[in-house]
Amino acid sequence: MIFILATVIFVVLRLLPGDPVTSALGPRGSPELKARMIDDLGLNDPLIVQYGRFLGDVARFDLGTALTEGRRPIADEMGERFPATLELVVPATVLALLIGLIPGTIAAHRRRQAPDYAIRLFSVIIYSIPVFWLGLMFQLIFSVKLGWLPVSGRIDAITGIGLERTTNILVIDSVLSGNWVAFRSVLIHLVLPVTTLGLVLSGVFVRLTRINVIETLQQDYITAARARGIKELVVVYGHALKNAMIPVVTLIGLQVAILLAGAVLTESVFSWPGMGRYLIDRILARDFTAVQSVVTMFAIFVAMISLAVDILYSLLDPRVRY
Amino acid sequence: MKRTTKWLVLLVVLSVLAAACGGDSSTTTVAAVDTPDTTAAAPTTTTGSTDTTVPAEPAGPKTIIIGTTDSIAGLDSADAYAIHDWELLRNIGEALLSFAPGTTDIVPGLASDYSVSDDGLVYTFNLRDDIFFGDGTELDANMYVDHLTRMLTLDGSGGVGGALGTPFIESYRAVDDRTVEITLKDAFGYFPQVVTGAPYMPMHPDFPLDALVEFPDAPVYGVGVWMITEYVPGEQTVLEPNPYYAGSAPAPKVDRIIIRYFNDAPTMAKAIETVKDGRGEIDIAWRTIGQPDLLAELEGVDGLTVGTVPGGGVRFMVINHQLAPTDNADVRKALAALVDRDEISDRVYAGTAEPLYSMIPVGFLGANEAFDDVFGAPDIPAAQAFLTAAGYSETNKLQLQVAYPPEHYGGTAADLIQLLSEQYEASGMIDVEIISQEWSTYIGAVIGGQDYAVSLLGWFFDYPDPDNYLAPFMNNGGLGTMITDPDTNEPIDADAQALMDLLVQAGTETDVDARAALYADLQEKFAENVTTLPLFFLPEHVVYWDYISADDAAATIESLNIGPTFDLHYELLDTSK
């Protein structure tokens, strides 16, 4: 799968109009300079040579250097950007799960009662709200009007000075360095973007959980459990929810994979320096190396997440064996 | 999980949360840079009859946070070509000559003075005695010559050496420890303006002679007022004063400048509006917040000032002189006569764009309104007469393609082209077809001169001189005007020859008044020939809180001393918070 994707992205990028040198230089730069830069970047080599070089680099986990914006090693740029996306996506997914699983199960348990209607309404509304609109509303209310939370960034500008960035996941870095002021600032900066992303994601989890728990609650073993006098909460949350989790886990895997490629809109609204924005900038700049390397790395992540999801299946359902 | 393990996990989680919610019990480490101690003394208070000294919070470094939507593309002056990179380099470095804040007046920089040979070819710069990098390393003429070698030979990805070095410099040498002599290829009257640019700012001698260092490890030392002590691409850059600076710029009034990077203008606008503890999330928003609705919103906020910075980026239509139908002079004149710049400014930019009647914007030597003098646009009857002369009528309409890049000039570009098309079609003799093409393909097609008769382009100067607003559109194909041959630079006709002659004459003239007169003449001919079609320039805006002030070093206090050169001098800024 990774090989196929790497090949497809390599070909598609070459089919797109434009090149990184023209894009970067714009109206400036002599024809000689452009020709020399194209030559320096190896863009004059036959496509098969470029492709072989790309696959060789991928096999060695060498992501190469970007073709534009300072030509930094892509590994360095991903090292700065990817942890930021991870720091946003992981808590947002956890929040979406919390919001999705508990109300989803309550709605299933109280089917066709007031809580069910309320939760379903919430899930439809939250699912249909554009993430950038919700983010903007939160910014206007909690930042501009109330001044409670920051509008943008990962950490307060002054507090962030001198923070040792070991992992570039600032929650971890601030804990590792024992800098609790920074830790607090990082948490505060996470509130709005995580809530925005988590809420929007939660709508689909609510609906999926509800429908699967309803289905599970109609199974014979649930009737048997109730007949044995097992407490209703245990039946619903201990048995029904656990058995309804397989499609939810599948969805989590898919969502996390998509979000790791960049929660683009959320990152844009909150000026979050993550992968989404990076990838868009590089696509617009026709930075072949950066785009194909990043997409290939994502393919590897998606494969890893798929594996993790498969392992989770077997934990959730003992009948599943590989 | 065992019950004891669960309790242990709970305890750890609670401890972390408690720490997170706790007060400011720890201090943040700051960049370890050896700078003079500027911490204020702790004040004392006296209560009743008993003297009680209350230990006050030590005042932290006085800091100003500046927001921007720019990003760092590279910090090596031998390659940097982006506006924000130049701003940083101008603050951490110094060129041979400088501009007085807020103006285009040349003042001493690294060179305390300079002389020019009678033939205008040899410039001799006498360096100051006290030029130091942030780590105490002293700069001499030989080191400066090494820097010139780097800039001219490395000619990096931005081609800055190829644009601002090699076209001008024939040779250079260190005459002695404090004297640099530069011999030019021709007598360029505006060479003093050229040597104010970032390429003429020396990097630290640790920078290798044979390789560019676009993202050097911090601290990044220049010979200017500031040094970069820390930067995280995409997040922020931190600058502190260069303790060894002894030049003519005033000493910084704050201990630290932080540049904070934003993805877009709306988020930056909200950040400056967000106030906590009496201070904005950022103190200043500078570049690029030009969306009319945002400016209107910010102007309505108590305590915020929106300053307008004149000059800078212009927008114009490239008119291809070798491609039908704009190879016909009457067609070009008709297009020029139909443009209503005021309507464009009002309808597309809510009045924030300044109509431009020549390529040289207001504030620069020789700026005038040649297109207004020649065409008095909009003048529909005159345009119809030109079109009739070109053989077109209401039944035989001119079929015109107008091209633009939809993503490169912001969301207003589509509105601009739509309105421009309406203005052309108002003649009743033109049918417009709009072509949108993504930037990297578009710009190649514009410059190549093979595809578009009329296309939108923007321009920002490399050096603030009228030459840089005219020469690029005439020389070597003229960025798509094709009034000269891209390879040989030969003018295509007598009109183009006359323009080129005037350009050379004005460029080599050293007398300011004579230059201004030559540029006035050149602009009239430029307009008559409709070499390009200037539309408007977009002033930049700087937004800041009322606790921010600027040194009254220049007459542009409202724009924090940012003038037509777009230099924000951090050392002139102060804050009362």
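Computed from a predicted structure; not experimentally measured.

*Asks:* Sorry, what's going on with the pairing of strand β5 (residues 122–127) of chain B here?
*Replies:* The side chains of a regular strand alternate, first on one face of the sheet and then on the other. All names here are of chain B. The sheet contact formed by strand β4 (residues 111–116) and β5 spans five bridges and is antiparallel. The residue of β5 that forms the bridge with S115 is T124. Across five bridges, β5 lies against strand β7 (residues 179–184) in antiparallel orientation. Counterpart to N126 in the pairing with β7 is T179.

*Asks:* Explanation requested: the nonpolar core in the structure shown.
*Replies:* Side chains that are nonpolar tend, in soluble globular proteins, to be buried together. The biggest cluster of nonpolar side chains holds 176 residues, and the ones touching the most others in it are F191 and Y424 of chain B. The residues touching Y424 of chain B, leaving out its near neighbours within four places in the chain, are L335, L338, V339, L400, V402, I430, V432 and L533 of chain B. One finds L201, I214, L217 and I252 of chain A within the second-largest nonpolar core, a separate group that totals 56 residues.

*Asks:* Mind showing me how you'd approach the pattern of salt bridges here?
*Replies:* When their charged atoms lie close together, side chains carrying opposite charge are able to pair. Tallied over the entire structure, the rule returns 29 salt bridges over all chains. When the shortest N-O distance is used, the salt bridge between E87 of chain A and R154 of chain A registers 2.6 Å. Taken as a pair, E87 of chain A in helix α5 (residues 74–109) and R154 of chain A in the loop between α7 (131–145) and α8 (170–176) lie far apart in primary sequence, 67 residues in all. For the pair E87 of chain A and R154 of chain A, a shared accessibility class is recorded, and that class is buried. Salt-bridge contacts for R347 of chain B lead to E422 of chain B; the nearest nitrogen and oxygen are separated by 3.6 Å.

*Asks:* Quick question: what am I supposed to make of the interface of chain B and chain A here?
*Replies:* Accessible area lost when the parts come together is the quantity often used to give the size of an interface. At the junction of the two partners, chain B supplies 61 residues and chain A supplies 60 residues. Roughly 4,600 Å² of surface becomes buried between chain B and chain A when both sides are summed, with 55% attributable to carbon and sulfur atoms. Counting across the interface, chain B meets chain A through three salt bridges. Applying the counting rule to chain B against chain A returns 12 residue pairs in polar contact (both at pLDDT 80 or more). Considering each element in turn, the side of chain B that touches chain A owes the most residues, six residues, to helix α13 (residues 439–448) of chain B. Here the residues of the side of chain B that touches chain A sort into 27 nonpolar, 19 polar and 15 charged.

*Asks:* Would you mind showing me how to read the environment of P247 of chain A here?
*Replies:* Of note, P247 of chain A is situated in helix α12 (residues 245–260). When the C-alpha positions of P247 of chain A and R14 of chain A are compared, they lie 38 Å apart, and in sequence the two are 233 residues distant.

*Asks:* When you look at the sheet that holds strand β6 (residues 169–176) of chain B in this model, what are you seeing that I'm missing?
*Replies:* Hydrogen bonds between backbone groups are what pair the strands of a sheet, and the pairing can be parallel or antiparallel. Residue and element names in this part refer to chain B. Strand order in this open sheet of four strands is β4-β5-β7-β6, and the pairing throughout is antiparallel. Of all the strands in the sheet, just β4 and β6 have a single pairing partner and so form its edges. Taken over all neighbouring pairs, the strand axes of this sheet differ in orientation by 20° on average, direction set aside. On top of the sheet, helix α3 (residues 141–154) reaches β5, β6 and β7; it is set at about 160° to β6, its chief contact.

*Asks:* Mind showing me how you'd approach α7 of chain A here?
*Replies:* Given 3.6 residues to a turn, an α-helix orients residues that are three or four positions apart in the same direction. All names here are of chain A. Taking 1.5 Å of rise per residue, the 15 residues of α7 would be expected to cover 21 Å, and the 20 Å separating its terminal C-alpha atoms lies within 8% of that figure. The largest bend along α7 measures about 30° and falls at Q139. Among the residues of α7, those classed as buried are V131, L134, G135, F138, Q139, S143 and V144. G147 occupies a position one or two residues after α7 and carries a positive phi of about 70°.

*Asks:* Whenever I open this one, a nonpolar patch on the surface confuses me. Can you help?
*Replies:* Residue and element names in this part refer to chain A. Side chains of V90, V94, L98, I102, I106, L233 and Y237 sit close together on the surface and give an oily, nonpolar patch of about 600 Å² of accessible area. Listing elements by their share of the nonpolar patch, those giving two or more residues are α5 and α11 (232–243). Examining the composition of the nonpolar patch, we find that five residues originate from one element, α5, more than from any other. Residue position: V94 is located in helix α5.

*Asks:* Before we go on, may I ask you to explain unusual backbone geometry in this structure?
*Replies:* Trans is the common state for peptide bonds, and a negative phi is the common state for residues other than glycine. All names here are of chain B. Residue P219 is bonded to the preceding A218 through a cis peptide linkage, with omega at 0°. Note that P219 resides in the loop between α5 (191–194) and β8 (226–232). Residue A324 is joined to P325 through a cis peptide bond whose omega torsion reads 5°. With respect to the element layout, P325 can be found in the loop between β15 (314–319) and α8 (329–338). Despite not being glycine, M482 shows a phi value in the positive range, around 60°. Positionally, M482 belongs in the loop between α14 (467–470) and α15 (494–508). Phi is positive for N561, close to 65°, though the residue is something other than glycine. Among the secondary structure elements, N561 is positioned in the loop between β22 (548–550) and β23 (573–575).

*Asks:* Just checking my understanding: could you explain the packing of aromatic side chains for this structure?
*Replies:* Each aromatic ring pair is described using two quantities: the centre-to-centre distance and the angle formed by the ring planes. Summed over the entire model, instances satisfying the criterion amount to 35 aromatic pairs over all chains. With a centroid separation of 4.6 Å and 15° between ring planes, the pair formed by F82 of chain A and F301 of chain A is classed as stacked. Here the residue F82 of chain A occupies a position in helix α5, and F301 of chain A occupies one in helix α15 (residues 288–316), the gap between them amounting to 219 residues. On the basis of relative accessible area, F82 of chain A is assigned to the buried category, the value being 11%. For F301 of chain A, a relative accessible area of 22% corresponds to the partly exposed category. What links up through ring pairs into an aromatic cluster is the set Y114, Y123, F125, F168, F188, Y190, F191, Y200 and Y463 of chain B. Positioned over the ring face of F10 of chain A is R14 of chain A, at 4.0 Å from the centre of the ring. For the cation-ring pair, R72 of chain A lies above F215 of chain B, with the distance from its terminal atom to the ring centre recorded as 4.8 Å.

*Asks:* For this particular structure, what's the right way to read the side chain of H189 of chain A?
*Replies:* Of note, H189 of chain A is situated in helix α9 (residues 180–217). In this structure H189 of chain A comes out as buried when scored by relative accessible area, which is 8%. Within the structure, the side chain of H189 of chain A is placed 2.8 Å from the backbone oxygen of S185 of chain A, a separation counted as a polar contact. Apart from the residues lying within four places of it in its own chain, the contact partners of H189 of chain A are P150, S152, G153, R154, I155, D156 and W272 of chain A together with R260 of chain B.

Here is what the cut-offs are and how they apply
- Residues numbered from 1 in each chain as written.
- Chains lettered and ligands numbered in written order.
- Predicted model: local features only at pLDDT ≥ 70, side-chain atom pairs only at ≥ 80, totals over all residues.
- Heavy atoms only, no water.
- Pairing = 2+ DSSP bridges.
- Helix = DSSP H or I, 4+ residues; strand = E, 2+ residues; numbered from the N terminus.
- Core = buried A, V, L, I, M, F, W, Y, C linked by side-chain atoms within 4.5 Å.
- Buried < 20%, exposed > 50% of the residue type's maximum accessible area, 1.4 Å probe, protein only.
- Contact = heavy atoms within 4.5 Å.
- Salt bridge = Lys/Arg side-chain N within 4 Å of Asp/Glu carboxyl O.
- Buried area = accessible area lost by both parts, 1.4 Å probe.
- Polar contact = N/O pair within 3.5 Å; in protein donor to acceptor, adjacent residues only side chain to side chain.
- Nonpolar A, V, L, I, M, F, W, Y, C, P; charged D, E, K, R; others polar.
- Axes fitted to C-alpha atoms, helices over the stretch in contact; angles between N-to-C directions.
- Expected span 1.5 Å × (residues − 1).
- Bend = angle between axes of the 7 residues up to and from the residue.
- Patch = residues over 30% accessible without salt bridge, like charges linked within 9 Å, V, L, I, M, F, W, Y side chains within 5 Å.
- Areas by Shrake-Rupley, 256 points an atom, 1.4 Å probe, with all protein chains shown as cover.
- Phe/Tyr/Trp six-rings, centres within 6.5 Å; stacked < 30°, edge-to-face > 60°.
- Lys NZ or Arg CZ within 6 Å of the ring centre and 35° of its normal.

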